[in-house]
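Tertiary structure, described
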4 protein chains.
Amino acid sequence: MTKSRVEAFTDGVIAILITILVLDLHAPEDVTWIALRQLGEPFFAYVVSFIAIAIYWNNHHHLYQTVKKIDGTVLWVNTALLFWLSILPFATAWVGEHLTAMLPELIYAFVSFMCGLTYNLLDRCLVRVNGANSRVAIVSKHDRKRWLSLAIYAVGCLLTFVWPPAGLGASLMVSVLWFIPNQRVEQEFRVK
Amino acid sequence: MTKSRVEAFTDGVIAILITILVLDLHAPEDVTWIALRQLGEPFFAYVVSFIAIAIYWNNHHHLYQTVKKIDGTVLWVNTALLFWLSILPFATAWVGEHLTAMLPELIYAFVSFMCGLTYNLLDRCLVRVNGANSRVAIVSKHDRKRWLSLAIYAVGCLLTFVWPPAGLGASLMVSVLWFIPNQRVEQEFRVK
Amino acid sequence: MTKSRVEAFTDGVIAILITILVLDLHAPEDVTWIALRQLGEPFFAYVVSFIAIAIYWNNHHHLYQTVKKIDGTVLWVNTALLFWLSILPFATAWVGEHLTAMLPELIYAFVSFMCGLTYNLLDRCLVRVNGANSRVAIVSKHDRKRWLSLAIYAVGCLLTFVWPPAGLGASLMVSVLWFIPNQRVEQEFRVK
Amino acid sequence: MTKSRVEAFTDGVIAILITILVLDLHAPEDVTWIALRQLGEPFFAYVVSFIAIAIYWNNHHHLYQTVKKIDGTVLWVNTALLFWLSILPFATAWVGEHLTAMLPELIYAFVSFMCGLTYNLLDRCLVRVNGANSRVAIVSKHDRKRWLSLAIYAVGCLLTFVWPPAGLGASLMVSVLWFIPNQRVEQEFRVK
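Chain A has the name TMEM175 family protein in an unreviewed UniProt entry, where Loigolactobacillus zhaoyuanensis is given as its organism. Under the heading Subcellular location (unreviewed entry), UniProt records this for chain A: "Membrane".

Here we take up the interface of chain B and chain C. A common way to express how large an interface is: the accessible area buried when the components associate. Listed per partner, the contact involves 36 residues of chain B and 34 residues of chain C. Both sides together, the interface formed by chain B and chain C hides about 3,200 Å², and carbon and sulfur atoms give 75% of it. Across the contact surface, chain B and chain C share 0 salt bridges. Counting across the chain B and chain C interface gives 4 residue pairs in polar contact (both at pLDDT 80 or more). Of all elements in the fold, only helix 1 (3–20), helix 2 (33–37), helix 3 (40–65) and helix 10 (183–190) of chain B reach the threshold of two or more residues within the side of chain B that touches chain C. Among the elements that take part in the side of chain B that touches chain C, helix 3 of chain B stands out by supplying 11 residues, more than any other. The residue makeup of the side of chain B that touches chain C, split by class, is 22 nonpolar, 7 polar and 7 charged.

Before going further, it helps to spend a moment on the interface of chain B and chain A. The interface of chain B with chain A comprises 35 residues on the first partner and 36 residues on the second. Both faces combined, the contact of chain B with chain A buries some 3,200 Å², and carbon together with sulfur accounts for 75% of it. At the junction of chain B and chain A, the tally comes to 0 salt bridges. Connecting chain B to chain A are 4 residue pairs in polar contact (both at pLDDT 80 or more).

All names here are of chain D. Helix length check: helix 4 (residues 72–97), at 26 residues, gives a terminal C-alpha distance of 39 Å against a target of 38 Å (1.5 Å per residue), a fit within 8%. The sharpest bend along helix 4 comes to roughly 30°, located at Pro89. Across the 26 residues that make up helix 4, a large majority, 23, are buried. Where helix 4 starts, the residue carrying a side-chain oxygen 3.3 Å from the main-chain nitrogen of Thr73 turns out to be Asp71.

Time to look at the relation of the copies chain B and chain C. Between the two copies of the chain lies a relationship made up of a rotation around an axis and a movement along it. With an RMSD of 0.0 Å, chain B superimposes on chain C once it is rotated by 90° and translated 0.0 Å along the axis. Overall, the copies show the geometry of a four-fold rotation axis. The two copies present different faces, since only 6% of the interface residues in chain B are matched by interface residues at the equivalent positions in chain C.

Residue and element names in this part refer to chain C. If you trace the backbone, Asn120 turns up in helix 6 (residues 102–130). Judged by relative accessible area, Asn120 falls into the buried class, the value being 2%. A distance of 3.5 Å separates a polar side-chain atom of Asn120 from the backbone oxygen of Arg146. For Asn120, the contacting residues outside a window of four places in its chain are Arg146, Trp147 and Leu150.

In this structure chain A stays clear of chain C, and the shortest span between their C-alpha atoms is 10 Å. These two, chain B and chain D, are apart from each other, with no contact and a minimum C-alpha gap of 9 Å.

A word on the confidence of the model for chain A. Of all residues in chain A, 92% attain a pLDDT of 70 or more, and the chain-wide mean is 88. Across chain A, helix 5 (residues 102–130) of chain A holds the top mean pLDDT of 95, while helix 9 (residues 183–190) of chain A sits lowest at 51.

Let's shift gears to a nonpolar patch on the surface. Residue and element names in this part refer to chain A. Taken together, the side chains of Val155, Leu159, Phe161, Val162 and Trp163 define a hydrophobic patch exposed on the protein surface, amounting to about 540 Å² of accessible area. Along the chain, Trp163 turns up in the loop between helix 7 (145–159) and helix 8 (166–179). Judged by its relative accessible area of 52%, Trp163 is exposed.

Once that is clear, we can look at the nonpolar core. In this structure, Leu126(A), Leu126(B), Leu126(C) and Leu126(D) are the most contacted members of the largest nonpolar core, which totals 270 residues. For Leu126(C), the residues in contact, after removing those within four places along its chain, are Leu63(C), Tyr64(C), Val67(C), Lys69(C), Ile70(C), Val74(C) and Val136(C).

The two copies are related by a screw motion: chain B maps onto chain A through a turn of 90° and a shift of 0.0 Å along the axis, at an RMSD of 0.0 Å. The fraction of interface residues of chain B whose copies in chain A are also interface residues is only 6%, indicating that the copies meet through different surfaces.

Now for the state of the cysteines. All names here are of chain C. Taken as a whole and assessed by the stated rule, the structure comprises 0 disulfides over all chains. Summary of cysteine pairing: Cys125 is not part of a disulfide, and the nearest cysteine sulfur, belonging to Cys115, is at 16 Å. For Cys125, a relative accessible area of 9% translates into the label buried. In this model Cys157 remains outside any disulfide bridge; the closest cysteine sulfur is found in Cys115, 11 Å from its own. By relative accessible area, Cys157 is classed as buried at 12%.

Residues and elements named next belong to chain A. Within this numbering scheme, the UniProt entry marks residues 7–23, 43–60, 72–94, 106–126 and 147–180 as carrying the feature "transmembrane region" (unreviewed entry). Taken end to end, residues 43–60 is 100% helix and 0% strand, and its first and last C-alpha atoms sit 25 Å apart. Helix makes up 100% of residues 106–126 and strand makes up 0%, while its end C-alpha atoms are separated by 30 Å.

At their nearest, the axes of helix 1 (residues 3–20) of chain A and helix 1 of chain B sit 9 Å apart, and the two run at 40° to each other. For the element pair helix 1 of chain A / helix 1 of chain B, the angle class is oblique. Between helix 1 of chain A and helix 1 of chain B lies a crossing of right-handed hand. Together, Glu7(A), Asp11(A), Ile14(A), Ala15(A), Ile16(A), Ile18(A) and Thr19(A) of helix 1 of chain A and Arg5(B), Phe9(B), Gly12(B), Val13(B), Ile16(B), Leu17(B) and Ile20(B) of helix 1 of chain B make up the contact between the two elements. Residues of the contact of helix 1 of chain A with helix 1 of chain B, tallied by class, amount to 9 nonpolar, 2 polar and 3 charged.

Take the environment of Glu105(D) next. All names here are of chain D. Among the structural elements, Glu105 can be located in helix 5 (residues 102–130). In this structure Glu105 comes out as buried when scored by relative accessible area, which is 1%. Taking the C-alpha atoms as reference, Glu105 lies 9.4 Å from Trp163; in sequence the two are 58 residues apart. In contact with Glu105, not counting residues within four places along its chain, are Val95, His98, Leu99, Thr160, Pro164, Pro165, Ala166, Gly167 and Leu168. A distance of 2.8 Å separates the side chain of Glu105 from the backbone nitrogen of Leu168, its partner in a polar contact.

Turning our attention to the pattern of salt bridges. Tallied over the full model, the rule gives 12 salt bridges over all chains. The partner of Asp123(A) in a salt bridge is Arg146(A), with the nearest N and O atoms 3.2 Å apart. In this pair, Asp123(A) sits in helix 5 while Arg146(A) sits in helix 7, placing the two residues 23 residues apart along the sequence. For the pair shown, Asp123(A) and Arg146(A) are each scored as buried. Between Asp123(C) and Arg124(C) there is a salt bridge whose closest N-O contact spans 3.0 Å. On the basis of relative accessibility, which here comes to 2%, the residue Asp123(C) falls in the buried class.

Basis of the calculations
Residues numbered from 1 in each chain as written. Chains lettered and ligands numbered in written order. Predicted model: local features only at pLDDT ≥ 70, side-chain atom pairs only at ≥ 80, totals over all residues. Heavy atoms only, no water. UniProt positions renumbered as here; feature names shortened; annotations may be inferred. Contact = heavy atoms within 4.5 Å. Buried area = accessible area lost by both parts, 1.4 Å probe. Salt bridge = Lys/Arg side-chain N within 4 Å of Asp/Glu carboxyl O. Polar contact = N/O pair within 3.5 Å; in protein donor to acceptor, adjacent residues only side chain to side chain. Helix = DSSP H or I, 4+ residues; strand = E, 2+ residues; numbered from the N terminus. Nonpolar A, V, L, I, M, F, W, Y, C, P; charged D, E, K, R; others polar. Expected span 1.5 Å × (residues − 1). Bend = angle between axes of the 7 residues up to and from the residue. Buried < 20%, exposed > 50% of the residue type's maximum accessible area, 1.4 Å probe, protein only. Least-squares fit on C-alpha atoms with pLDDT ≥ 70 in both. pLDDT = per-residue confidence, 0-100. Patch = residues over 30% accessible without salt bridge, like charges linked within 9 Å, V, L, I, M, F, W, Y side chains within 5 Å. Areas by Shrake-Rupley, 256 points an atom, 1.4 Å probe, with all protein chains shown as cover. Core = buried A, V, L, I, M, F, W, Y, C linked by side-chain atoms within 4.5 Å. Disulfide = S-S within 2.5 Å. Axes fitted to C-alpha atoms, helices over the stretch in contact; angles between N-to-C directions. Parallel < 35°, antiparallel > 145°, perpendicular 65-115°, else oblique. Left-handed = near helix turned anticlockwise from the far one by under 90°.

Encoded structure:
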């Protein structure tokens, strides 16, 4: 299993996931502003998930760029990450219809949490395979955003019991966290 | 982030978008010419969107071929372009059912405009990163079609208030504009 | 525009088309043999289209392997081929529900014919760009299957007026024609 | 036909298949735990198919890594494998609604069996083309898991007549069989 094949397959799955999200935005029967307004909530959920998946794609790519070796465990944890990401379109469709209902928001937050958890596991596995002095280990050591994201998702899960919108809210907060340009990553970018 | 990964991901998303457009062309219950005739309008919208997305793919590729460096901003503007393109299947499905209704045509024209705007922003960002003497800056300087397209989309948006079909019409006009072979681009083609 | 990008984009679109065909095979409500039996006709149409698209992928790839140069016209004819292929899932869904109805069969045969026509146009354009002594021109000269296929599709279109199943039948006949291993192509295969 | 094109096309189709599985997980109308609970069975079928397809992707890749030559027969057997895999989303959707019904489980087990059969055929063809001393032939000789999987699927088919859940059960058993890390494969992994 070469690294590039895992990257290509992951990219393929993520490109499809980010695209089939739109299949849950159904064209309204009516052609009034009211009909369009009713799409507001599903559209909001769509935007939140689109950004979240785009960030995973971005981070996944940066992670693999710093990696030299992979093994079977990495492969399975990577597949687990794809599994949880693959459920996002379902969770998005459900939460988009019920922005203020506890259960859909909880499921959305839980799926987001599992995506974050498997992503962090993937990072740990890659560090273990490549050794403590590898580039992935060094970059990973300074990156506390990943664990903070996980904490936000977890708090989001719990908050949905008292304030349902915390589910999508947590995802949005994590996205803002990652959206802020990262000095260290920017430097890598510049080197073509 | 290497340039080739952004290209590959963008190609993947565009290939999926252009293909899932057809999922909104539902097979009629009936097998009469009348039933087929009723598909005429959705099919027309389908053709317009198919051509528009094909042109974006084509132009996006040419743009990146002239590029050496990218940065984090480019990445996010590229994602914004994919976001607006990803809404085209929804807008196409809605406008295809209501070719003469103002709101669906306005939304279609607005989404087209946002695609054009983010594409132009992408061009600006790429010029900024690669410098005023870069190949992308030189090619870009002589290319007024991009801004003309944006103007057509904007006029299309406004016109839908008095003449709804202007929404799809603007997209069609822009496509004709780009379909005309471009001498300069052709030359690049020949060099294998 | 490099040859490899056109290949990759075409492969992507074809991979998606061949896969979304299955979305029109809806799981029956019932769990009886009768319910399963009613899927027989959509399934038959599915198989015919799956094989047809697989053959286009195969042939498209062989065609581009013999090619050195492409130009803007090639690009647009290639897009036209993808356009007609992209309508196959719709035509398949319709004909699958009405195997003995004239109109769906005619549409299926017509779309098949247009796929064949644009494919042959693509071949002509590639020969023109690469010159009469190019490898693509030489291989193309000895390949009469392409024009025979086109004739079969055309006859299929006409026959549907008197015998509807000729639509899918023509596609099946062309597939059999291409399924037979081709000595010359096999030789190329062997050279890794 | 180069090996890499077949790999890329197969990867593309498998990435799409594993992703469109989720389209059959429909967001419930209701927002109660009962509504969520009713998704339990489709979700279980979803997980089983996701793992099965992920394993096919994994194995397919390992198989091609040991291969030097391919021919037309390999190409068609590979397409046959993709065909049977492409029916899995349909079978999953049906069985997910009726976990204890004989017919959907039988169909699921049968499609799983055909995937396994075409995969083994593919292995045989690759060995034949590359010769008895090739790396693919040597690795293949020691790999009895493939035939054991096929036997489990076959037994699963028969068992569904007396105990329906054996259909998904067989798929799950085969997945467990492949999930266990394989010493020999691991070694290959380590070599980057």
